[in-house]
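# Architecture at a glance
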Amino acid sequence: MPGGVPAQQAVDPHAAISAAVQAGRHIEADALAAHHEQAAVRARGTASEDALHWMEVRADLAMFAGDAARSCRAWLSVAEVRLAAGQAADGGAVEAAVDRAHHQWTRIGETARARELGPALAELRRRVPGRRSGALENVQRQLRQLQAQ
């Protein structure tokens, strides 16, 4: 190799995703993360920390793209996978996923989409109340308001 430069250098996927987000190429960033998520699922399973990491990356990417509903849905999925894998409802990673889903749910601008995701969030909040008191009641109150609209 002339100059000692490898023919193909390994690219840090996080750096590539970050560059895509900074350039406003949100679909490309999500596609890169989805590729790594699927590879992790095939190699280690859906509940592996590697696969869950990429699910979380994709949830954040949806937030960066301004799609609160997709981000909420992704965080709900992360929490469900963690719980199904036997992680404790009061475990930090589970609570963080539910808290992020809740936060993104409050950012959904379309009533129909918020109404659609609200029951799943309320059910998850029943199992994972979190450390902030009143989180379930907050979801239930907002869901009643959405249903009245």
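Data block above holds the structure.
Procedures and definitions
- Residues numbered from 1 in each chain as written.
- Predicted model: local features only at pLDDT ≥ 70, side-chain atom pairs only at ≥ 80, totals over all residues.
- Heavy atoms only, no water.
- Helix = DSSP H or I, 4+ residues; strand = E, 2+ residues; numbered from the N terminus.
- Buried < 20%, exposed > 50% of the residue type's maximum accessible area, 1.4 Å probe, protein only.
- Contact = heavy atoms within 4.5 Å.
- Areas by Shrake-Rupley, 256 points an atom, 1.4 Å probe, with all protein chains shown as cover.
- Lys, Arg positive; Asp, Glu negative; His and termini not counted.
- Charge placed at Lys NZ, Arg CZ, Asp CG, Glu CD.
- Axes fitted to C-alpha atoms, helices over the stretch in contact; angles between N-to-C directions.
- Parallel < 35°, antiparallel > 145°, perpendicular 65-115°, else oblique.
- Left-handed = near helix turned anticlockwise from the far one by under 90°.
- Nonpolar A, V, L, I, M, F, W, Y, C, P; charged D, E, K, R; others polar.

This part takes up the overall build of the protein chain. In terms of regular secondary structure, the protein chain is built from seven helices and zero strands. Overall size of the protein chain, expressed as C-alpha extent along the three principal axes, is 70 × 35 × 25 Å. Every one of the 149 residues in the protein chain was classed for burial, and the buried ones make up 36%. The contacts in the protein chain between residues at least 6 apart in sequence include a share of 57% that link residues at least 24 apart. About 8400 Å² of surface is accessible on the protein chain, with carbon and sulfur atoms providing 52% of the total. The distance from the centre of the 18 positive side-chain charges to the centre of the 17 negative ones in the protein chain is 5 Å.

What follows is about the environment of Ile-108. Tracing the backbone shows Ile-108 in the loop between helix H5 (92-106) and helix H6 (111-127). For Ile-108, a relative accessible area of 13% gives the class buried. Note: C-alpha distance between Ile-108 and Ala-69 (39 residues apart in sequence) is 5.7 Å. Once you skip the residues sitting within four places of it in the chain, Ile-108 turns out to touch Ala-68, Ala-69, Cys-72, Arg-113, Ala-114 and Leu-117.

What follows covers the side chain of Asp-30. Summarising the element assignment, Asp-30 is placed in helix H2 (residues 26-44). For Asp-30, a relative accessible area of 14% gives the class buried. What Asp-30 contacts, discounting residues up to four positions off in sequence, is Arg-58, Leu-61 and Arg-70.

Our focus in this paragraph is the packing of helix H4 (residues 68-84) against H6. The interhelical angle for the contact between H4 and H6, taken along N-to-C directions, is 25 degrees, at an axis separation of 11 Å. Considered as vectors, H4 and H6 are oriented roughly parallel to each other. The interaxial crossing formed by H4 with H6 has left-handed handedness. Between H4, through Ala-69, Arg-70, Cys-72, Arg-73, Leu-76, Ala-79, Glu-80 and Leu-83, and H6, the contact on the second element is made entirely by Arg-113, Glu-116, Leu-117, Ala-120, Leu-121, Leu-124 and Arg-127. Here the residues of the contact of H4 with H6 are counted per class, giving nine nonpolar, no polar and six charged.

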